[in-house]
Amino acid sequence: MSRTLQGIVCVIAGMVLFVGQDLLMKGMLTTYPVWMLIFVRSVVALLTLLPLVLWLGAPHRIYTPLWPWYLARAVLFAGGFAMFYAAFPFMGLAEVTTLFFAAPLMTATLAAVFLQEKIGIHRVLALLVGFAGVVIAVNPTGGNFGWISILPVMTALTYAISQTIVRKIGEQDTSLVIGLYTISLSGVVIIPIGFAVTQVIEITPDLIHLRMSWPVPALDGLGMLALLGGIGTVAYTLVSRAYQIASASVIAPFDYSYLPLAALFGYLVWGEVPHFTTFVGMVLIVSSGMYTAYRELRIEREANDNPPTAQTVFTPGAPAVVLEDALDAEAAEPEQQVPSRE
């Protein structure tokens, strides 16, 4: 299986699990505050991933010099998804997630700007169509438009920056290490974030899910919290892995697999029927993403049909080197071996 196909499988599996996680999250917000749910998810991730990393050993590592990047991702992850979940009581699941799915468009744009991933006229036009879909879904001229509608869009921006960081880091750390650091640290930073928010806004009955008082869960509540954390941990690790092993501009559109599932289960569980503008925006966003994916996969297929002479080899934890350069070095120093992926 090619690395691109592996990445696509990982991101689709991650999106399926994220739907399940968000269904649980939306239901549990009636009992527990946002900050508590994000904190519990982080604790479950720590208890799950830390023993696994220790047991597996190399190439997984506990200490990593990349921890500042992971701390940055934790702040983005915690703050971004706190905004996402804060919108749940006010908007349907399909509406919130449609706005959030500006993230793949933003990810592709950021990858082009900061990672120098090539972006042609076809992708530019597709991105413009996708962003038009976001604007239509937000429906700024509608009577229900307000600050709540901006929260999922802000989450999209933090998510896109976070995934661009993963792409920049590449495979210097494994997906397990990335998940361990990012999700665990998000549980640390969510507490001061929650405290700061409660000092700025007044917690009215409509905003009770943003309170800092944390109820003690019953036995069945503990089971639901553990399930929430477990699903989120696996999903986040899968998506991080996808962005590690394949181009961000190829992987990002497949995040859209979340949308039809969110709309379906929002209707089945809560009877939510999205506004017409949400459906129009969703169609434009998904069409943009799928066209971009089609273009990228065709370009990659053409490149595989005419492979370059120089190929990259990689050793986990070390920078990639070009095979031709390594062979030149080996010729100069016969006793030195070329590092291999195996």
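## Some details on the overall build of the protein
Move 1: Secondary structure summary: the protein contains 13 helices and two strands in total.
Move 2: The burial tally for the protein puts 48% of its 342 residues in the buried class.
Move 3: Pairs at least 24 apart in sequence give 86% of the contacts found in the protein among residues at least 6 apart.
Move 4: By element, 69% of the accessible surface of the protein is carried by carbon and sulfur atoms, the whole surface being about 16,200 Å².

## Some thoughts on the packing of helix α2 (residues 34-56) against helix α8 (residues 175-200)
Move 1: Across the interface, α2 lies against α8 with an axial gap of 8 Å and an inter-helix angle of 155°. For the element pair α2 / α8, the angle class is roughly antiparallel. Where α2 crosses over α8, the handedness of that crossing is left-handed.
Move 2: Of the residues assigned to the contact of α2 with α8, the class counts are 17 nonpolar, seven polar and one charged.

## What to know about unusual backbone geometry
Move 1: Looking along the chain, the bond that leaves Ala-58 and enters Pro-59 is cis, with omega of 5°.
Move 2: Note on placement: Pro-59 falls in the loop between α2 and α3 (67-86).

## What to know about the confidence of the model for the protein
Move 1: Averaged over all residues, the pLDDT of the protein equals 79, while 83% of them reach at least 70.
Move 2: When the criterion is pLDDT under 50, residues 307-342 qualifies, and its contacts beyond four places in sequence or with other chains add up to 33 contacts.

## Examining the environment of Thr-4
Move 1: Looking at the element boundaries, Thr-4 is found in helix α1 (residues 3-28).
Move 2: Placed 239 residues apart in sequence, Thr-4 and Tyr-243 show a C-alpha to C-alpha distance of 9.7 Å.

## What to know about a nonpolar patch on the surface
Move 1: Judged by side-chain polarity, Leu-264, Phe-265, Tyr-267, Leu-268, Val-269, Trp-270, Val-273 and Phe-279 come together as a nonpolar surface patch covering roughly 780 Å² of accessible area.
Move 2: Taking relative accessible area as the criterion, Phe-279 reaches 37% and is therefore assigned partly exposed.

## Regarding the pattern of salt bridges
Move 1: Counting across every chain of the model gives two salt bridges.
Move 2: Two residues, Arg-61 and Asp-173, come together in a salt bridge whose shortest N-O distance is 2.5 Å. Pair noted here: Arg-61 is in the loop between α2 and α3 and Asp-173 is in the loop between α7 (147-169) and α8, with a separation of 112 residues, a long-range link.
Move 3: Overall, the relative accessible area of 25% leaves Arg-61 in the partly exposed class.
Move 4: Taking the relative accessible area as the measure of exposure, Asp-173 reaches 3% and is therefore buried.

What counts and what doesn't
- Residues numbered from 1 in each chain as written.
- Predicted model: local features only at pLDDT ≥ 70, side-chain atom pairs only at ≥ 80, totals over all residues.
- Heavy atoms only, no water.
- Helix = DSSP H or I, 4+ residues; strand = E, 2+ residues; numbered from the N terminus.
- Buried < 20%, exposed > 50% of the residue type's maximum accessible area, 1.4 Å probe, protein only.
- Contact = heavy atoms within 4.5 Å.
- Areas by Shrake-Rupley, 256 points an atom, 1.4 Å probe, with all protein chains shown as cover.
- Axes fitted to C-alpha atoms, helices over the stretch in contact; angles between N-to-C directions.
- Parallel < 35°, antiparallel > 145°, perpendicular 65-115°, else oblique.
- Left-handed = near helix turned anticlockwise from the far one by under 90°.
- Nonpolar A, V, L, I, M, F, W, Y, C, P; charged D, E, K, R; others polar.
- pLDDT = per-residue confidence, 0-100.
- Patch = residues over 30% accessible without salt bridge, like charges linked within 9 Å, V, L, I, M, F, W, Y side chains within 5 Å.
- Salt bridge = Lys/Arg side-chain N within 4 Å of Asp/Glu carboxyl O.

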